[in-house]
Amino acid sequence: MSITITIATSVSAADYARIEQLAEVLREKDGNFRGRAVTVERGPTTAITDTQDKLRGALLQLLVEGVLSRGF
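Residues numbered from 1 in each chain as written. Predicted model: local features only at pLDDT ≥ 70, side-chain atom pairs only at ≥ 80, totals over all residues. Heavy atoms only, no water.

Q: Residue-level account of the pattern of salt bridges, with values.
A: In total, this model carries three salt bridges according to the counting rule given. Here aspartate 15 makes a salt bridge to arginine 18, at a shortest N to O gap of 2.2 Å. Taken as a pair, aspartate 15 and arginine 18 lie in helix α1 (residues 13–29) at a separation of three residues, close to a single helical turn. Exposure remark for arginine 18: the relative accessible area of 27% places this residue in the partly exposed category. Residue arginine 56 pairs with aspartate 50 through a salt bridge whose shortest N-O separation is 2.5 Å. A relative accessible area of 8% means that arginine 56 is categorised as buried. Taking the relative accessible area as the measure of exposure, aspartate 50 reaches 7% and is therefore buried. (Salt bridge = Lys/Arg side-chain N within 4 Å of Asp/Glu carboxyl O. Helix = DSSP H or I, 4+ residues; strand = E, 2+ residues; numbered from the N terminus. Buried < 20%, exposed > 50% of the residue type's maximum accessible area, 1.4 Å probe, protein only.)

As structure tokens, this is what we get:
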């Protein structure tokens, strides 16, 4: 029942920190993510893994892309 946000190694440390901040805010304030384990890690590409809810995973992908393109 966990969600993994994998951030590409090419993404800056500052942007990675913003994604960690996004995950924290979602766990605290968004009912879709409250009580769920949301892990942020590095990997070869940026991807979202949510095995329980594909729609929630797609939403999170859009949120992550928004942070990476505009800031948080």
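Q: Mind laying out the side chain of aspartate 50, listing which residues take part and the relevant values?
A: Note on placement: aspartate 50 falls in strand β3 (residues 47–50). Looking at aspartate 50, its side chain comes within polar contact range of the main-chain nitrogen of glutamine 52, at 3.1 Å. A polar atom in the side chain of aspartate 50 sits 2.5 Å from the side chain of arginine 56. Not counting residues up to four positions away in its chain, the partners in contact with aspartate 50 are Ser2, Ile3, Arg56 and Gly57. (Polar contact = N/O pair within 3.5 Å; in protein donor to acceptor, adjacent residues only side chain to side chain. Contact = heavy atoms within 4.5 Å.)

Q: Go over the sheet that holds β3 with me, naming the residues and quoting the values.
A: Strands sit in the order β2-β1-β3 across an open sheet of three strands; the sheet is mixed. Taken across any chain shown, the strands that pair with only one partner, and hence form the sheet edges, are β2 (37–43) and β3. Recorded for the sheet is a direction-independent mean angle of 15° between the axes of neighbouring strands. Judged from the four bridges that link them, strand β1 (residues 2–8) and β3 form a sheet pairing that is antiparallel. Of the residues in β3, the one forming a bridge with threonine 6 is alanine 47. On the sheet, α1 packs against β1 and β2 and is oriented at approximately 170° with respect to β2. Strands in contact with helix α2 (residues 54–70) are β1 and β3; relative to β3, the strand with the most contacts, it is inclined by about 155°. (Pairing = 2+ DSSP bridges. Axes fitted to C-alpha atoms, helices over the stretch in contact; angles between N-to-C directions.)

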